[in-house]
Amino acid sequence: MVLAGSNGSGKTTLLRIAAGLYKPSRGKIEVYGLDPQRERLECRRALSMISHQAYLYDRLTAIETLRIWARLLDRPSADSDLMPLLASVGLERRPRLQVAGFSAGMRKRLTLLRTRLEQPRLLLLDEPFSALDVEGKRQVEDWIRDAREAGAAVIMASHAILRVSRLCDRAVLLERGQIVWRGDGEGLARRLGEQA
Amino acid sequence: MNVIRQALVLVGKDMLLEWRGRSRFISVLLFGVVTLLLFSFAVGPDSVALRAAAAGFLVLALLLSSTLSLSESFRLEQEERALEGLVLLPVDPVALFYGKAIGNTLFLLLLAPIFTPVALVLYSVELGAMKILTLVGLWALAAAGLSAPGTLYAAMTSRLRSQDVLLPLLLFPLVVPVLMGSVKAMALVLGGDPLEQLRSWTVLLGGFAVIYWSLCGLLFPYAIEEGG
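This report concerns the structure included in the present document.

Rules and cut-offs
Residues numbered from 1 in each chain as written. Chains lettered and ligands numbered in written order. Predicted model: local features only at pLDDT ≥ 70, side-chain atom pairs only at ≥ 80, totals over all residues. Heavy atoms only, no water. Core = buried A, V, L, I, M, F, W, Y, C linked by side-chain atoms within 4.5 Å. Buried < 20%, exposed > 50% of the residue type's maximum accessible area, 1.4 Å probe, protein only. Contact = heavy atoms within 4.5 Å. Helix = DSSP H or I, 4+ residues; strand = E, 2+ residues; numbered from the N terminus. Expected span 1.5 Å × (residues − 1). Bend = angle between axes of the 7 residues up to and from the residue. Pairing = 2+ DSSP bridges. Buried area = accessible area lost by both parts, 1.4 Å probe. Salt bridge = Lys/Arg side-chain N within 4 Å of Asp/Glu carboxyl O. Polar contact = N/O pair within 3.5 Å; in protein donor to acceptor, adjacent residues only side chain to side chain. Nonpolar A, V, L, I, M, F, W, Y, C, P; charged D, E, K, R; others polar.

Observations concerning the nonpolar core
One finds Leu66(A), Leu110(A) and Tyr123(B) to be the most contacted residues of the largest nonpolar core, which totals 112 residues. Excluding residues that lie within four positions of it along the chain, Leu66(A) makes contacts with Leu82(A), Leu85(A), Leu86(A), Leu110(A), Leu113(A) and Leu117(A). Within the second largest apolar cluster, 24 residues are counted, among which are Phe129(A), Ile144(A), Val154(A) and Met156(A).

A look at the environment of Arg24(B)
All names here are of chain B. For Arg24, the position within the fold is in helix H2 (residues 22-43). Residue classification places Arg24 among the buried residues on the basis of a relative accessible area of 8%. Once residues within four sequence positions are removed from consideration, Arg24 is found in contact with Glu18, Ser69, Glu72, Ser73 and Phe107.

Here we look at helix H3 (residues 47-78) of chain B
Residue and element names in this part refer to chain B. Counted at 1.5 Å a residue, the expected span for H3 with its 32 residues is 46 Å, and the 45 Å between its end C-alpha atoms agrees. Along H3, the helix axis deviates most sharply at Ala53, where the bend reaches about 50°. Glu80 lies just past H3 and shows a positive phi near 55°.

Regarding the pairing of strand S5 (residues 171-175) of chain A
Residues and elements named next belong to chain A. In terms of burial, S5 is largely enclosed, as four of its five residues are buried. Of the pairings in the sheet, the one linking strand S1 (residues 2-5) to S5 comprises four bridges and is parallel in character. Bridging across to S5, Val2 finds its partner in Ala171. Taking the residues that link successive antiparallel strands as the turn, the S5-strand S6 (residues 178-183) hairpin has two residues, and the phi of Arg176 there is positive, at about 45°.

What to know about the interface of chain A and chain B
Taken together, the 31 residues of chain A in the interface contact 28 residues of chain B. The largest per-residue losses of area from chain A upon contact with chain B belong to Tyr57(A), Arg59(A) and Leu72(A), which jointly make up 27% of the total buried on that side. Counting across the chain A and chain B interface gives four salt bridges. Across the pair Glu80(B) and Arg107(A) runs a salt bridge, and its minimum N-O distance is 2.0 Å. Put simply, chain A and chain B have 13 residue pairs in polar contact (both at pLDDT 80 or more) between them. For the side of chain A that touches chain B, the elements supplying multiple residues, two or more each, are helix H2 (40-46), helix H3 (62-72) and helix H5 (104-118) of chain A. If one sorts the elements of the side of chain A that touches chain B by residue count, H3(A) sits on top with five residues. When its residues are assigned to classes, the side of chain A that touches chain B shows 14 nonpolar, four polar and 13 charged.

Listed below in structure tokens is the structure:
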């Protein structure tokens, strides 16, 4: 599902409420029957969120970052387990380079690997294509398709309407925190194309 | 068990970051040494007065250095919102607190081997090996007593621009018992303990450390909430 809307329409806020980072000022939200505030840990086992920020430490290397995530998630954390993951996003040649030396796109790709380790049922993606070059965008598209095929639900907020309209089954348009339109990806592209 | 494992992973992460950013440790270390030096200048060449105040100066140097190190430790977490990244993982907030607080305690412990000999030389105090060990033990208790509430308040103020001002304002009143206990206990080590009061002051210091570590662990999940 795609959340579309102009800046300030509430896309990011909605994703952050679903992730339990914000409390809703009113109303209620459930993720697989769980309250993201009260059943925070259970909820976070079910979902993974990728935001504007990279959630990285500049002074750690890519492999160290992955190792810490893997250990926190109780996943295999040997180099032999983690190198194929780095290779899957094209970072295998720079496992020992500190993140400070990464470009914005490399940071994004490393952050995306969190979700591989988390193996969530629900992916919350806030502007997943930002800061990526053409190849990076293609990789993210493939990665979203793979996640869907693996059975995960994906909710993403994006301004890249043409790109996301090819990926989604459902789309909603938000304005000032309200849903003003529902439909599918094609309909969304058409509607926003007309508005433009 | 899971909480302990996660906390240890986070301690390892913090130690690695400290090692990579050694300039931060050196800055805090130099700040503390300069503070000790300034205290000795303020009192002047009166060696009796210096010896009498040595424990107080040593603990104040630790306290002032701790505010620098605590706020810095969360500045790293706010770059690229790394703390939010940890919060989004299924990691118990209690593990986040203990991982961070243990890391901060270890950081303050590493200052002891430098601060203690500098203070002993500057304030003309002569101590045997056993007493130096006791002093280091008390330092560890004081560091633990400062780190737990310091970690909680540093987390609460980490998103604020005025963190550098707010952190000491919030922290200092709360750690008065740690300050008093550690100054009194260290003064007894440095100046002699004819009435055998050291044990009771050490128990008091340890007691406050236990209270702070328990309470702050419970409150930490609320401190890292953003609210929306």
